[in-house]
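Coordinates in review
Residue strings, one per chain:
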Amino acid sequence: MPDFEEIDYSVADGVATVVLDRPSRMNAFTGRMCDELVAACDAVDADDAVRALVVTGRGRAFCAGADLGGGGGTFDDRGREKAARYGEVDGVGRDRGGVVALRFAALQVPVIAAVNGPAVGVGATMTLPMDVRVAGASARFGFVFARRGIVPEAASSWFLPRVVGISRAMEWAMTGRVFGAREALEGGLVTHVVPDEDLLDTAYGLAREVAENTSPVSVAVTRHMLWSMLSAPSPWEAHALDSRAVVELGRDADAAEGVTAFLEKRPPAFPLRRTRDHTDLVPEWPRRPEGL
Ligand SMILES: CCCCCCCCCCCCC[C@H](O)CC(=O)SCCNC(=O)CCNC(=O)[C@H](O)C(C)(C)COP(=O)(O)OP(=O)(O)OC[C@H]1O[C@@H](n2cnc3c(N)ncnc32)[C@H](O)[C@@H]1OP(=O)(O)O
């Protein structure tokens, strides 16, 4: 396991945990944090025993977004450009927030965000590709980009309208205001708001519910199908697309185990990880570009 400095990574009972770990800076996002989050996702995908991932923040914040102070100073343009830029992929200079967000989108296991305080800027956008977002009562969110003279990053202009709808997305992005957990729940950004002290138990409860009861193949393909079907032009087209996965997985070993376990009134014993690469089942969900 790499030596992480700005995050903490652990695994217990089949659930991995990433803690954003710069509490003195409200876990503000840096180039190093970007690289460490990508490495942690690589570790999750390489570990057959991991069936779900929980992401949370240390201290009173989830993540205050890009570290604007650079250790208390101010950014000059060169510093800002250099720190925000990941490098070129497919001939396009990429922002570091998007590299992290898309790495979460490509993860082979479900990801649950346990938002324990302010999640602002990339702190908010990195949660959008995650599969479930749970908020503590003190959670706050802010797509503050317009207030910093920039625009939504981390592919959030694709994710946010798909998560909450164009109206709410437009209001939150255009005002750039920081809003509370209740508004996030009303807008569909989070599915649960719980007392702060119950946040991690709720997140781990969801993680274990998936990890202990579902087929890893089914869960991974489900994510790709749900995202891909948002752009299907009609239910008839969607049916043509999803039938491929339904038929293919219906004759897979996991389906046999899932049905047999039910009939035998016992928990299913799915293999620890996918028995084969499933990405061909949903070609509408393209493979992750090399380098991202
Ligand atoms: C604009 C591009 C910059 C690129 C920098 C490169 C960094 C690495 C690569 C990043 C690549 C991706 C770029 C990213 O996608 C872009 C963004 O995320 S832009 C958004 C940046 N974040 C913000 O604008 C949030 C600013 N903070 C707030 O809105 C509030 O602080 C809060 C988070 C809602 C919390 O509010 P409060 O609880 O009231 O706390 P305070 O406001 O009093 O703050 C306490 C203390 O912390 C300092 N602080 C807060 N946020 C940051 C931050 N993001 N960076 C640095 N320091 C921060 C704040 O100044 C206070 O310090 P003190 O005055 O006590 O010394």
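Since the model is a prediction, treat every value here as computed from it, not as a measurement. (Residues numbered from 1 in each chain as written. Predicted model: local features only at pLDDT ≥ 70, side-chain atom pairs only at ≥ 80, totals over all residues. Heavy atoms only, no water.)

Where helix α9 (residues 216-229) contacts helix α10 (residues 235-250), the axes come no closer than 11 Å and their chain directions differ by 175 degrees. One finds that α9 runs roughly antiparallel with respect to α10. Between α9 and α10, the residues in contact are Val217, Val221, Met225 and Met229 and Ala238, Leu241, Asp242, Ala245 and Leu249, respectively. A breakdown of the residues in the contact of α9 with α10 according to their chemical character gives eight nonpolar, no polar and one charged. (Axes fitted to C-alpha atoms, helices over the stretch in contact; angles between N-to-C directions. Helix = DSSP H or I, 4+ residues; strand = E, 2+ residues; numbered from the N terminus. Parallel < 35°, antiparallel > 145°, perpendicular 65-115°, else oblique. Contact = heavy atoms within 4.5 Å. Nonpolar A, V, L, I, M, F, W, Y, C, P; charged D, E, K, R; others polar.)

Another point: the site of the ligand. Close contacts around the ligand come from 28 residues, with Ala64, Ala66, Leu68, Arg148 and Glu153 the closest. The side chain of Arg60 places a nitrogen or oxygen atom 3.0 Å from an oxygen atom of the ligand. A distance of 2.3 Å separates an oxygen atom of the ligand from a polar atom in the side chain of Glu153. A total of 1,200 Å² of accessible area belongs to the ligand in isolation, and the protein chains cover 69% of it. Among the elements that make up the shell around the ligand, the one with the highest residue count is helix α2 (residues 77-84) (three residues). Split into classes, the residues belonging to the shell around the ligand amount to 14 nonpolar, six polar and eight charged. (Near = heavy atom within 4 Å. Polar contact = N/O pair within 3.5 Å; in protein donor to acceptor, adjacent residues only side chain to side chain. Areas by Shrake-Rupley, 256 points an atom, 1.4 Å probe, with all protein chains shown as cover.)

Turning next to the sheet that holds strand β9 (residues 140-142). Spatially, the three strands line up as an open sheet ordered β7-β9-β10, and their pairing is mixed. Two strands bound the open sheet, and with one partner strand each, they are β7 (118-120) and β10 (178-180). Each neighbouring strand pair of the sheet contributes to a mean axis angle of 20 degrees, computed without reference to strand direction. Pairing of β9 with β10, which is carried by three bridges, proceeds in the antiparallel orientation. Bridged to Gly142 within β10 is Val178. (Pairing = 2+ DSSP bridges.)

In this section: the domain arrangement of the protein. Under the domain assignment used here, the protein contains domain 1 (7-210) and domain 2 (214-292). A C-alpha centroid distance of 26 Å is found between domain 1 and domain 2. Contacts between domain 1 and domain 2 engage 29 residues on the former and 17 residues on the latter. For the pair domain 1 and domain 2, the summed buried surface comes to about 1,800 Å²; carbon and sulfur atoms form 52% of the total. (Domains from an automatic or database assignment. Buried area = accessible area lost by both parts, 1.4 Å probe.)

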